[in-house]
Amino acid sequence: MADQWSLQRRRLLQGLAAAASLSALPLSLARARDAGPLIRSLPGRDITLPSVGLGTWITFNVGNNQRLLDASADVMAAFFQGGGAIIDSSPMYGSSQNTVGYGLNKLDARDQVFSADKIWTRDGDDGRRQSRESANEWQVDRFDLLQVHNLVNWQAHLDTLRAMRDEGAVRTIGITTSHGRRHREMERIMTSEPIDFIQLTYNPVDREAEDRLLPLAREKGIGVIVNRPFRRGALTERLASEPLPDWAAEVGADSWAQLILKFILSHPAVTCAIPATTQVDHVRENLAAAREPLPNPDLRRRISDTIRSL
Amino acid sequence: MDTLLSYHPRDLLLFSPRVYWALVAGNNDSWWWLALLAPVAGLLLVWQLGRRDGRQHGLVFAGMGLLWWFVTWTFLWQQYRAINWAMDWAIAPFVAMGGLFLVFALKGGSISPRPHRYWLGLLLATWGTLIHPLGFLLDQRGIEAADTWLLFPDPLAITTLGVVLATLHGWRLALMMPVPLLWSLAGGVTLLGLGSPVGWAVLAAGGLALLGWLPLTRVDQSQRGTR
């Protein structure tokens, strides 16, 4: 697992490696490798993270299929090579945890990952056991972040997670939701509980989080991980037949996916987005979006209005 | 409940079409000779049901019982469970179905005394064994991912609905209907979530079976107790 020093050292080495291979890369990718993804820090904590992570919902649930396990490891290799760190999974995601573990082992990349997983059980006494099982699947000693999945029995699990954090059994803790659900409950928890991260859905068409949760996260120094940036691919599929507006070039976006990610990352409360993918090209494209320039408020409005209208 | 209803079937799926059809293709690869044998076995089953002679139905039930256990072990347990934890809930009912078929095999079988059930049963058995596997023509997978009734639960459930409608009645029919009916619902929704139109066909087969279960025609006394 990664501490701050090892993450920074890795980025330096990756920068040198990227410089050596610039001539072989397309221009946009070369720029991204050169700069590396934007880094965000967690206020009040000694933690910095690249602003684009890797989700595993659906995409990494490949069972025992060796060809697909290796394809997932290739995605992880491109992710780490491009400067990514946070990978997010859950016991709910079928064999995804095992796939991540396979990739980390194959790539010998345990020191490169910021491991984020979840507790997902109604049994309030089962959190520790489940987190141990998850760590076994990941083949890591402990997680960098453990979150209560979809707020399931969050009172009991946050008690467990707080104790684990105090013991050093996990670095940071948090809560998650998706699809814009249970925001009021999440707000109450953010106000009353000492958590490090929240995870929620946010993109140019799902902007409910802007009303209260994102400002509150900023105020309380809570990191924000954004899931479903592309609505599980539905958003980018819908936009695929539409031409990218000329003004996308103002922020260096070469695709709708990059424009969407830039919109998300331009919100000052957002720590990182975790798009999931099965394709190496998409990993590189996503990481390439995590760099300056990012859209200003006027352009953010324009991006959202345009995408909503299409 | 409102939260659950707000999800699209696609949101409830844990896996992608790519992974599911790769799983099916892999299972076909492992049991290729059964995949090839399935249409012939299907023809034999339909022929046997079409003879309206219940004397061989004990053999049919025994075969169906073993098949439910075989599919449970080779597909649900060894393959599907790895990508779908909900299969943990399906294993016990599948094993029970196999056991019930084997118990009924000892008693032998008959022909359903209600004509509509017999004919719908014959139709569903033909559908499950011979027509369902052609579903690969309607979606993105190739013939290597065709799902046949000797290897996969969707066509097995449809075939089973046909067999039990055509051969059982009373409490025995009531005992054998729920599991394949529920699987038709789950399997159909899963296929729709995967973007396959075959899901509609699986749901329609379940709907037809449910319709067939209703007492729509009078009991044909000449078929009562036929062995």
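Shown above is the structure to which this text applies.
Predicted, not measured: the structure shown is a model, and the values here were computed from it.

Chemist: Break down the overall build of chain B for me, with residues and values.
Modeler: Looking only at helices and strands, chain B has 11 helices and 0 strands in total. Here the C-alpha atoms of chain B give a radius of gyration of 17 Å, agreeing with the 17 Å that 2.2 N^0.38 yields for 227 residues. Overall, chain B is about 50 × 45 × 30 Å in size when its C-alpha atoms are taken along their principal axes. Sorting the 227 residues of chain B into buried and exposed places 53% on the buried side. Long-range contacts, defined here as pairs at least 24 residues apart, represent 80% of the contacts in chain B between residues at least 6 apart. Put simply, chain B shows about 10200 Å² of open surface, and 70% of that area lies on carbon and sulfur atoms.

Chemist: Describe empty space enclosed by the protein, listing the residues and the values that go with them.
Modeler: Residues and elements named next belong to chain B. All told, the structure shown has 2 cavities of 30 Å³ or more when counted by the stated rule. Taken as a whole, the second largest cavity holds about 40 Å³ of empty space. Lining the second largest cavity are Tyr20, Tyr80, Asp154, Trp183, Gly187, Thr190 and Leu191. With 4 residues, helix H10 (residues 178-193) is the largest single contributor of residues to the lining of the second largest cavity. Of the residues that constitute the lining of the second largest cavity, the class distribution is 4 nonpolar, 2 polar and 1 charged.

Chemist: How would you explain the side chain of threonine 99 of chain A if you had to name every residue and give the values?
Modeler: As for its position among the elements, threonine 99 of chain A is in helix H4 (residues 96-107). When neighbours within four sequence positions are excluded, threonine 99 of chain A is seen to be in contact with Phe60, Val62, Leu69, Ser72 and Met76 of chain A.

Chemist: Describe the packing of helix H4 (residues 32-50) of chain B against helix H5 (residues 57-83) of chain B, listing the residues and the values that go with them.
Modeler: All names here are of chain B. As a packed pair, H4 and H5 sit with axes 11 Å apart at the nearest point and diverge in direction by 150°. When the axes of H4 and H5 are compared, the pair comes out roughly antiparallel. In this structure, H4 crosses over H5, and the sense of that crossing is left-handed. Along its contact with H4, which presents Leu34, Leu45, Gln48 and Leu49, the element H5 presents His57, Val60 and Phe70. Split into classes, the residues belonging to the contact of H4 with H5 amount to 5 nonpolar, 2 polar and no charged.

Chemist: I'd like to hear about the layout of surface pockets, residue by residue, with values.
Modeler: Regions of empty space are outlined by a rolling probe, equal in size to a water molecule, passed over the atoms. Its volume calculated, the second largest pocket comes out at about 590 Å³. Along the walls of the second largest pocket sit 20 residues, with Pro91, Gly94 and Gln97 of chain A together with Trp85 and Asp88 of chain B positioned nearest its centre. Among the secondary structure elements, those contributing two or more residues to the lining of the second largest pocket are H4 and helix H5 (127-138) of chain A together with H5 and helix H6 (87-107) of chain B. Ranked by residues supplied to the lining of the second largest pocket, first place goes to H5 of chain A with 5 residues. Residues belonging to the lining of the second largest pocket are distributed by class as follows: 6 nonpolar, 9 polar and 5 charged.

Chemist: Give me the sheet that holds strand E8 (residues 197-201) of chain A: which residues, what numbers.
Modeler: All names here are of chain A. Read across the sheet, 8 strands follow the order E3-E4-E5-E6-E7-E8-E9-E10 without closing on themselves; strand pairing throughout is parallel. In this open sheet, the two edge strands, each paired with only one partner strand, are strand E3 (54-55) and strand E10 (272-273). In this sheet, strand E5 (residues 114-119) lies alongside strand E4 (residues 86-88) in parallel orientation, the contact comprising 3 bridges. Bridge pairing links isoleucine 86 to phenylalanine 114 in E5. Seen against the sheet, helix H3 (residues 66-81) touches E3 and E4 and runs at an angle of roughly 145° to E4. Seen against the sheet, helix H7 (residues 183-192) touches strand E7 (170-176) and E8 and runs at an angle of roughly 165° to E8.

Chemist: Before we move on, can you summarise the interface of chain B and chain A with the specific residues and values?
Modeler: Each partner contributes to the interface: chain B provides 16 residues, whereas chain A provides 21 residues. When chain B packs against chain A, close to 1500 Å² is buried across both sides, 52% of that on carbon and sulfur atoms. On the chain B side of the contact with chain A, Leu14, Arg18 and Trp85 of chain B bury the most area, a combined 34% of that side's loss. Linking chain B with chain A are 0 salt bridges. Taken together, the links from chain B to chain A amount to 4 residue pairs in polar contact (both at pLDDT 80 or more). Of all the secondary structure elements, the ones that give two or more residues to the side of chain B that touches chain A are helix H2 (9-12), helix H3 (17-30) and H5 of chain B. Class assignment of the residues belonging to the side of chain B that touches chain A gives a composition of 9 nonpolar, 4 polar and 3 charged.

Chemist: Give me the lowdown on a nonpolar patch on the surface, citing residues and values where you can.
Modeler: Residue and element names in this part refer to chain B. Taken together, the side chains of Trp32, Trp33, Leu36, Leu37, Val40, Leu44 and Trp47 define a hydrophobic patch exposed on the protein surface, amounting to about 810 Å² of accessible area. Relative to the helices and strands, leucine 36 is located in helix H4. Leucine 36 gets classed as exposed once you look at its relative accessible area, which sits at 60%.

Chemist: Would you mind going over H4 of chain B in detail, with residue names and values included?
Modeler: Residues and elements named next belong to chain B. Look at H4: 28 Å from first C-alpha to last across 19 residues, which is about the 27 Å you get at 1.5 Å a residue. At alanine 38, H4 shows its maximal kink, close to 40°; a proline, proline 39, follows between one and four residues later. Taken together, the buried positions of H4 are occupied by Leu34, Ala35, Ala38, Gly42, Leu45, Val46, Gln48 and Leu49. Looking at the residues trailing H4, positive phi occurs at arginine 52, about 55°.

Parameters and conventions
- Residues numbered from 1 in each chain as written.
- Chains lettered and ligands numbered in written order.
- Predicted model: local features only at pLDDT ≥ 70, side-chain atom pairs only at ≥ 80, totals over all residues.
- Heavy atoms only, no water.
- Helix = DSSP H or I, 4+ residues; strand = E, 2+ residues; numbered from the N terminus.
- Rg over C-alpha atoms; globule rule 2.2 N^0.38 Å.
- Buried < 20%, exposed > 50% of the residue type's maximum accessible area, 1.4 Å probe, protein only.
- Contact = heavy atoms within 4.5 Å.
- Areas by Shrake-Rupley, 256 points an atom, 1.4 Å probe, with all protein chains shown as cover.
- 1 Å grid on protein atoms, 1.4 Å probe; cavity = no way out; pocket = protein on both sides within 12 Å on 5 of 7 lines; lining within 4 Å.
- Points joined across faces, edges and corners; volume = space filled by probe spheres on them.
- Nonpolar A, V, L, I, M, F, W, Y, C, P; charged D, E, K, R; others polar.
- Axes fitted to C-alpha atoms, helices over the stretch in contact; angles between N-to-C directions.
- Parallel < 35°, antiparallel > 145°, perpendicular 65-115°, else oblique.
- Left-handed = near helix turned anticlockwise from the far one by under 90°.
- Pairing = 2+ DSSP bridges.
- Buried area = accessible area lost by both parts, 1.4 Å probe.
- Salt bridge = Lys/Arg side-chain N within 4 Å of Asp/Glu carboxyl O.
- Polar contact = N/O pair within 3.5 Å; in protein donor to acceptor, adjacent residues only side chain to side chain.
- Patch = residues over 30% accessible without salt bridge, like charges linked within 9 Å, V, L, I, M, F, W, Y side chains within 5 Å.
- Expected span 1.5 Å × (residues − 1).
- Bend = angle between axes of the 7 residues up to and from the residue.

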